[in-house]
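Working through the structure, step by step
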Amino acid sequence: MSASLRSAQWYAGADHNAYIHRAWMRRGVPGDFADRPQIAIANTASDLTPCNAHLTEVAQSVKNGVYEAGGIPLELPVVSLGETQVRPTAMLWRNMAALATEEMLRANPIDGVVLLGGCDKTIPALLMAAASVDLPAVVVPGGPMLTGHFRGLPLGCGTDVWRSTEEVRAGRLGEEEFRRTESAMIRGKGHCNTMGTASTMALVAEALGMVLPGLAGTPAPDARLLAAAHESGRFAVELVAEGRAPTSFLTTGSFHNAIVALAAVGGSTNAVVHLLAIAGRLGIDLTLDDFDRVGAGVPLLVNLLPAGAFLMDDFHRAGGFLAVLREVRDLLDPTALTITGRPLVAYLDDAQIWDPVVITPRETPLQPNAGIAVLRGSLAPRGAIVKPAAASPHLLKHRGRAVVFSSIEDLRARIDDPDLDVDEDSVLVLRGCGPKGYPGMPEVSNMPLPRKLLERGVRDMVRVCDGRMSGTAYGTVVLHVTPEAAAGGPLALVRDGDWIDLDVRARRLDLDVSADELADRTVDEATARGYANPRRGWERLYVDHVLQADAGADLDFLVGSSGAEVSRESH
Ligand code: FES
């Protein structure tokens, strides 16, 4: 029995506790199982998380690798979040999934863990858990699905749903045709094939150093994914032997690399909230401003929807993530290590671009500055973000009159009203969608444009919201406005007709209303009525404890780490 293993606290000894711990596990495992590293496979597979359903197969490859290296693989089903299925939004349970995973890893005789995620919130939740329990951990991203086609044209998950929906509303696409694309979009196993949140977080996890380099972005049906899962299982046993837990190698430099990567691939704005939350678990001082500072000057090199034209299997055949990182090598922190103990930059020498249309060389970027811009001003005292790569250049500096929606329901009821007083220069404002106002901070900031403007050919307008936006969405959308309306932010006081000034270059978002007049205003009844006031359960806990977007929307009592120690003796 290796006394150095954490699991020996359960299995070593002759007392009745050790007897019970050992005896109940003897169900076909090797007789010396208690002497070996115990490797959990935290698995987010679920039939209700279609993007992760194939992770059961991936887990089998991980198991084979763990056994091969002399460990004991132990599959641990954890809370799974299917982005398209759970209501009102999967983000409401990201912190719950992180909390439950952290607690179960700590509570069980586990020495290390392989984290299997894919769909948007699953990898962030697993990373938050791993950071807080701080056991040796490696992520295996489930990978994107292959591209589906309809009438010869590729379909981007999510992005083409938004696009087609607008076309239907504009009267350019028949509903029958729209319905027919449905069966072609989801081609098989894997998560969304755009550079949405799932793809982004897989790549970001690798940039942080939590994935075996070169794996993230491998399509779900690709045999190389299973081979890498096998390798990751084997590697997890090594990690335990070396005692390399997340806090031993994740540093500010790791997050620097993640932000560079996020910009270079044109990744999802959701990564901002997730990275802030993960850093918070690690005690790393990451702020919104770091995204602007580090991301500024990082070129956009990946031509993928929603910012570009291609999809994740194109990205993989074009050279993949390491080829992108190689182009921006000088911007990366050369000291930031990966789980292998080697720096991320050590893996870039052999990387190569095979299709310069999909992954562009540094000299010919798709955009010279792809970083996420952080705005401040009288409408967003603690910040708001905008993704210039997904916005219309002519709207990045804009002054327009507010058309205010007090809630999502209000938006739905009135956006297509022919009498709505709106034109293409208006600024659409939606509030009550922040972490507290609409628990989970739903992805509604890319609000639909008024039908009458769509019919006139308008395809983008400035939109301002305290909610999030799907990573597959696009448009000139200012989101994560902080403080949110329900937490007393000035967004709550905007009225129809107020002038709003957006100046992305100057990093400003201002409400052109004097401070005196604003001080005299009160929150109108419809807005206040829209704020969530849950009676009980998780939602109550969430509203009472959730932090604002600039702190990653984690729960206040989950920030930081408790480590792997179990606080009390069992039984
Ligand atoms: Fe799961 Fe998009 S719905 S990744």
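What you are looking at is a predicted structure, and each value in this text was computed from that prediction instead of being measured.

**Points about helix α8 (residues 197-208)**
Because each turn of an α-helix spans 3.6 residues, side chains separated by three or four positions in sequence point in the same direction. Along its twelve residues, α8 runs 16 Å from first to last C-alpha, staying within 8% of the 16 Å computed at 1.5 Å per residue. Most of α8 sits out of view: twelve of its twelve residues are buried. Within the sequence span of α8, burial applies to T197, A198, S199, T200, M201, A202, L203, V204, A205, E206, A207 and L208. Directly after α8, the chain includes G209, whose backbone phi takes a positive value near 105°.

**Some details on the sheet that holds strand β2 (residues 72-77)**
One open sheet holds the four strands; their spatial order is β2-β1-β3-β4, and the pairing between them is parallel. Where the open sheet ends on each side, the last strands, each with one partner, are β2 and β4 (137-141). The average angle at which neighbouring strand axes cross in this sheet is 20°, direction not considered. For strand β3 (residues 112-117) and β4, the ladder comprises five bridges, and the chain directions are parallel. What sits directly across from V114, in β4, is V138. The strands touched by helix α5 (residues 122-133) within the sheet are β1 (38-43), β3 and β4, with β3 carrying the most contacts at an inclination of about 165°.

**What about the nonpolar core?**
In globular proteins that are soluble, nonpolar side chains generally tend to be buried together. Core analysis: the largest hydrophobic core is formed by 119 residues, its most contacted members being L116, M210, F255 and F315. The residues contacting F255, other than those within four sequence positions of it, are L208, L275, I278, A279, L282, I284 and L286. Ranked by size, the runner-up nonpolar core spans 28 residues in total, among them A373, V494, V504 and L511.

**Some remarks on the pattern of salt bridges**
Counted according to the given criterion, the structure contains 41 salt bridges. Salt-bridge contacts for R179 lead to E182; the nearest nitrogen and oxygen are separated by 4.0 Å. Of the two residues, R179 and E182 both sit in helix α7 (residues 175-185), three residues apart, roughly one turn of that helix. Of the two residues examined, R179 and E182, each falls in the exposed class. The closest approach of N and O atoms between D524 and R431, which form a salt bridge, is 3.0 Å. Remark: R431 occurs in the loop between β10 (427-430) and α17 (451-454) and D524 occurs in the loop between α18 (515-520) and α19 (525-530); sequence separation between them is 93 residues. A residue is classified by how much of its surface remains accessible, and R431, at 2% relative accessible area, is buried. Linked through salt bridges whose partners overlap, the residues forming this network are E102, E103, R106, R281 and D554.

**Side note on unusual backbone geometry**
Omega for the bond connecting L305 with P306 falls within 30 degrees of zero, at 10°, which places this linkage in the cis form. Inspection of the secondary structure assignment puts P306 in the loop between α13 (288-295) and α14 (312-317). Omega for the peptide link from T482 to P483 comes to -5°, which places this bond in the cis form. By the secondary structure assignment, P483 is in the loop between β12 (477-482) and β13 (499-503). For M441, which is not glycine, the phi dihedral falls at a positive 55°.

**Some words on the pairing of β3**
Of all six residues that make up β3, six are buried, and the element is covered over most of its length. When β1 meets β3, the two strands line up parallel, connected through five bridges. The residue of β3 that forms the bridge with I39 is G112. In this fold, β3 hands off to α5, which returns the chain to β4; that crossover is right-handed.

**Regarding the pairing of strand β11 (residues 462-465)**
Residues V462 and V464 point to one face of β11 and R463 and C465 to the other, with burial holding for every one of them. Looking at chain direction, β10 and β11 are connected through four bridges and run parallel. Among the inter-strand pairings, L428 is bridged to a residue of β11, identified as R463. Across two bridges, β11 lies against β12 in parallel orientation. Bridging across to β12, V464 finds its partner in V478.

**Thoughts on the side chain of T482**
Looking at where T482 falls in the secondary structure, it is placed in strand β12. Once you skip the residues sitting within four places of it in the chain, T482 turns out to touch A380, P381, R382, G383, Q548, A549 and D550.

**A closer look at helix α3 (residues 55-68)**
Taking 1.5 Å as the rise per residue, α3 with 14 residues should run 20 Å; its terminal C-alpha atoms sit 20 Å apart, in good agreement. All of the buried residues in α3 are L55, V58, A59, S61, V62, G65 and V66. For α3, the buried positions fall inside an angular range of 160° around the axis, keeping them on one side. Where α3 is buried, its residues contact β1, β2, β3, β4 and α9 (223-242). One or two residues past the end of α3 sits G70, with phi positive at roughly 95°.

Each value, and the rule that gives it
- Residues numbered from 1 in each chain as written.
- Predicted model: local features only at pLDDT ≥ 70, side-chain atom pairs only at ≥ 80, totals over all residues.
- Heavy atoms only, no water.
- Helix = DSSP H or I, 4+ residues; strand = E, 2+ residues; numbered from the N terminus.
- Expected span 1.5 Å × (residues − 1).
- Buried < 20%, exposed > 50% of the residue type's maximum accessible area, 1.4 Å probe, protein only.
- Pairing = 2+ DSSP bridges.
- Axes fitted to C-alpha atoms, helices over the stretch in contact; angles between N-to-C directions.
- Contact = heavy atoms within 4.5 Å.
- Core = buried A, V, L, I, M, F, W, Y, C linked by side-chain atoms within 4.5 Å.
- Salt bridge = Lys/Arg side-chain N within 4 Å of Asp/Glu carboxyl O.
- Right-handed = clockwise from strand over helix to strand, strands pointing away.
- Arc of directions from axis to C-beta.

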